[in-house]
Each structure stands twice: as C-alpha cells, then as structure tokens.
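Examining the three-dimensional arrangement
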Amino acid sequence: MAPAITTLAAAPELSAANTGFMLICSALVMLMTPALAFFYGGMVRVKSTLNMLMMSFISLGIVTILWVLYGFSLAFGTDSGSIIGWSSDYVGLSGIGVTELWDGYTIPVYVFAVFQLMFAILTPALISGALADRVKFTAWALFITLWVTVVYFPVAHWVWGAGGWLFEMGVIDFAGGTAVHINAGAAALGVILVIGKRVGFKKDPMRPHSLPLVMLGAGLLWFGWFGFNAGSWLGNDDGVGAVMFVNTQVATAAAMLAWLAYEKIRHGSFTTLGAASGAVAGLVAITPAGGSVSPLGAIAVGAIAGIVCAMAVGLKYRFGYDDSLDVIGVHLVGGVIGSLLVGFFATGGVQSDAKGLFYGGGLDQLGKQAIGVFAVLAYSLVASAILALIIDKTMGMRVSEDVEVSGIDQVEHAETAYDFSGAGGGASSRSTAAPAPAVTETKKVDA
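Quick summary incoming for the structure in this document. (Residues numbered from 1 in each chain as written. Predicted model: local features only at pLDDT ≥ 70, side-chain atom pairs only at ≥ 80, totals over all residues. Heavy atoms only, no water.)

For the chain, the count of helices and strands is 16 helices and 2 strands. Seen through its principal axes, the chain has C-alpha atoms that stretch 110 × 50 × 45 Å. Out of the 447 residues belonging to the chain, those deemed buried represent 53%. Summarising the internal contacts of the chain: among those between residues at least 6 apart in sequence, 76% fall at separations of at least 24. As presented, the chain carries roughly 18400 Å² of accessible surface, and 67% of it is formed by carbon and sulfur atoms. Across the chain, the 20 positively charged side chains and the 27 negatively charged ones have centroids separated by 16 Å. (Helix = DSSP H or I, 4+ residues; strand = E, 2+ residues; numbered from the N terminus. Buried < 20%, exposed > 50% of the residue type's maximum accessible area, 1.4 Å probe, protein only. Contact = heavy atoms within 4.5 Å. Areas by Shrake-Rupley, 256 points an atom, 1.4 Å probe, with all protein chains shown as cover. Lys, Arg positive; Asp, Glu negative; His and termini not counted. Charge placed at Lys NZ, Arg CZ, Asp CG, Glu CD.)

Written out as structure tokens, the structure is:
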C-alpha cells in the first residue's frame, strides 16, 4: 500500500506585483492629506487659509515620527487583552527584515506599515476642519501627538489588529468607517464642546473664500481615495480590491448627485460646494461598506449618505455647536451610515460570507456593526474632550478674540495666503493715486 501523501499549503511568497500595487496605493493615500488641506483651505475665509493648510500638513510630520517610534507597534503589534498591541521588533521599525512578509499576505511588513501610516496621518487632519479660525497652532500640534497615541492607535488595533476586540467580533470596516471617519468626527465634536464657537458664529457671514480650491481638493481626494479603499485588501489577487475600486466610484457619484438633488429641492440651487461635499460624503460612506456590497448596493449607500449628510450639516445651527467645515455632518454621519448599511446590503459574496438583512442575513451583522460604531464614537468623543480640556487648562487651546478677528494666519504663521500688493499692474499702478484702492480691496477680501 502506497504511503499517504500529505499536501502542505505553500507558504506565501513575496509578490512584486502586490508590493508595487501597495506602494502606489500608499502614495495615493499620502496625497489625500494635502488634498484635504486644499479642500479645507478653500472653505475658510482668506485670513485663515494658511492656518487651515498647516493644520493638515503638520500631521504628515508629527504622526510619521510617532508611527515609527511606537505607533505601529501599538496598533498592529501582538495583541494584549484585545485592547492594544505591542511588539518590540516594531519599535523604531528596527527589528523587521527587508523581505519579511506581513502575516498571511504577499507584501513586506514595511509596505503594510507605510500604507497604514498614511491612514494614521489623515485621520487627525480630518478633525482640523471643525476647529477652523480659532486654535493655537502649538496646541493643535500637541493635541495631534496626544490624540493619535491615546485614541487612534488603540482604535486601529480594535478594528484591524489581530486580536482586537472589534476585529474578533466580526465588525466589518473595509477601509476606515469606524477607525478613521467616525473616530475623527466624534473627536471633532468632543473638542468643539470644550473650545466653543467662533466669534460671530450665526451672525457674521463665513463663506468659503475659494470654491475652485475646494473643488481641486475634492477632486484630489476622490483620486487618492482609490488607493485608500482598493488598497485596503492588501493585494490584487482575488478581485475584491477591484470590486472596492468600482464601488468607490459608483457610491461617490451617487452621493454627489443625491446631495445636489436635495440642495436643489431644499434651497433652489446646484452649488459647487454641494457637489464637492456630496462627493466626500459618498467616499466616506463607502469606505467601510465597499468590500461587502454590490455596485447596486454602492449606489444605495452613496445616495443615502448624500441626502442624510446634506441634512446633517444644518444640525449645528439647530443645536448650537460650531463645526466650522462640517466634519461632523460629513465624516461622523457618513461613517455611521456606511458602517451600519453593511448590516443591510452585505451580499456575502465579496469580502466575506457575512450577509446583511436584505440578503437573508438577519440582524446579526447589523448588531455587530452598531456595536463597533457606538463603541468607537463614545470612546473618541470622551477621550478627545478630555485631552482638549487638559490642553485648554494648561497652555490654552484657543487664540485670543483679537487674533481670531484680525486673522490667525498673520499671528500664528507671519504670512498671508495672497499678496495683492502687485495686483494693479500697468502704468496706473505706479501712480501716486494707485495704492489707496489696492489697500481698500485687500481689507475687503480679508474681512
């Protein structure tokens, strides 16, 4: 009798294709932070433009260093109590082999680490839009440092880390509905409740100073989001990433159209700000759900998010919290919608076999999604408010009222976004009478 033949599964080998794909996706996600800076920067008044850009840009510096020193270890190291991770080899990224593979995948650990780094950078930058015009830059830098350490790194472990309690429960978050968007939106609300409203909130016009800049930022976000979403499957071997790519495009288009339709019915106009905001709402909502739903489901997710988020941005006027650039209305609400809709539209045939209510799965997955949503929301809200309160009581979180009124750019950064001194041109600009109108126009724009 011939001896039994035992077949052993081949160990994963490094895939040059997947590695290259993930490096490109990492670069796309990195682009999202400057894109967010443009998006937010165009939405504020002229006098706050540079500060808004810098509040996003500084995250690239701070979070990168923290991620290398200990962030990657806390988020993706060996699990401890289903709450936090830690691996000494990941501290300083010093104990990782050049060709060492991320467990179960065909990409190096270094590639996984840098891809996840870009998520960690973007998330605190999202918070900044809610705090426009009124936060000290040094206080903001300290807040980022504390927040990613106390909030983001642990939550990332809960959601994505092996052994994390939400991961083990079966909560589906393909690319960051809970860990990124609900996390950032809840944090924004927590900080707002501590620092209060802008001077002139509900009284003074606070319109975007550059809608072209907003549209540029939204377009770049849409572009970068393909890396954010499709890359989160960590490879391109089985088609799941391709489905996520398609669903990202579909849901974003549906959300933009739904927002514009709501806006036309409610306010009588199709606005560029509405188109940009609707697109971002769709991107947010499909982020957790896109690996679970069909393209038709993605249309539903996007359309629902577009309408509900358009309605939600007005809640700040009803309840009196000053969310400057609608981080809560778009990211918190959009993240909640996308995460919960997994429990309705998951087909069981893409990312996993988990099915939503509309596909015969009952309420099981919806219940898991709800636990994930509200656990992250509550933790981030409370922890962020406490961190903001500590900073406010020690070094002060807000600039003075005079600085806020005159313009935070000049005081915090010693610069202005636009220089109109040479805008006149021609011979008349050199006449003795020319300077007066130029000065008047500059003051008018900065008001």
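Let us keep going from here.
Before going further, it helps to examine the packing of helix 1 (residues 16-43) against helix 2 (residues 49-76). With their axes 8 Å apart at the nearest point, helix 1 and helix 2 run at an angle of 165 degrees to one another. Considering the angle they form, helix 1 stands roughly antiparallel to helix 2. Between helix 1 and helix 2 lies a crossing whose hand is right-handed. Note on element contacts: helix 2 touches helix 1 through T49, M52, L53, S56, F57 and L60, opposite M30, T33, P34, L36, A37, F38, Y40 and G41. Considered class by class, the residues forming the contact of helix 1 with helix 2 number 10 nonpolar, 4 polar and no charged. (Axes fitted to C-alpha atoms, helices over the stretch in contact; angles between N-to-C directions. Parallel < 35°, antiparallel > 145°, perpendicular 65-115°, else oblique. Left-handed = near helix turned anticlockwise from the far one by under 90°. Nonpolar A, V, L, I, M, F, W, Y, C, P; charged D, E, K, R; others polar.)

Attention now moves to helix 10 (residues 295-312). Taking 1.5 Å of rise per residue, the 18 residues of helix 10 would be expected to cover 26 Å, and the 25 Å separating its terminal C-alpha atoms lies within 8% of that figure. Residues of helix 10 that are buried sit in contact with helix 8 (240-267), helix 9 (272-289), helix 11 (315-319) and helix 12 (327-345). (Expected span 1.5 Å × (residues − 1).)

For any pair of aromatic rings, the description rests on two quantities: the centre-to-centre distance and the angle between the ring planes. With the rule as written, the count across this model stands at 27 aromatic pairs. When the ring of F119 is compared with that of F228, the centres are 4.3 Å apart and the planes differ by 15 degrees; the resulting orientation is stacked. Pair noted here: F119 is in helix 3 (residues 109-128) and F228 is in helix 7 (residues 211-230), with a separation of 109 residues, a long-range link. Residues F119 and F228 agree in their burial class; the two are buried. Measuring from ring centre to ring centre gives 5.4 Å for W225 and F228, while their planes differ by 65 degrees; the resulting arrangement is edge-to-face. Of this pair, W225 and F228 both sit in helix 7, 3 residues apart, roughly one helical turn. Each residue in the set W67, Y70, F72, F76, Y90, W102, F112, W147, Y152 and F153 is aromatic and connected to the rest through ring pairs, giving one cluster. (Phe/Tyr/Trp six-rings, centres within 6.5 Å; stacked < 30°, edge-to-face > 60°.)

What follows concerns the nonpolar core. One finds F72 and L131 to be the most contacted residues of the largest nonpolar core, which totals 125 residues. Top contributing element to this core by residue count: helix 4 (residues 137-160), with 15 residues. Among residues more than four places away in sequence, those in contact with F72 are W67, G77, Y90, L93, I96, W102, V109, F112 and A113. (Core = buried A, V, L, I, M, F, W, Y, C linked by side-chain atoms within 4.5 Å.)

Within this structure, the stated rule accounts for 6 salt bridges. Among the ionic pairs, R198 bridges to D133, the shortest N-O distance being 3.4 Å. Of this pair, R198 sits in the loop between helix 6 (177-195) and helix 7 while D133 sits in the loop between helix 3 and helix 4, and the two are 65 residues apart along the sequence. Like D133, R198 is buried. With its nearest N and O atoms 2.7 Å apart, the salt bridge here joins E404 to R398. According to the relative accessible area criterion, E404 is buried, its value standing at 4%. Taken together, the shared-partner salt bridges connect R45, D133, R198 and D322 into one network. (Salt bridge = Lys/Arg side-chain N within 4 Å of Asp/Glu carboxyl O.)

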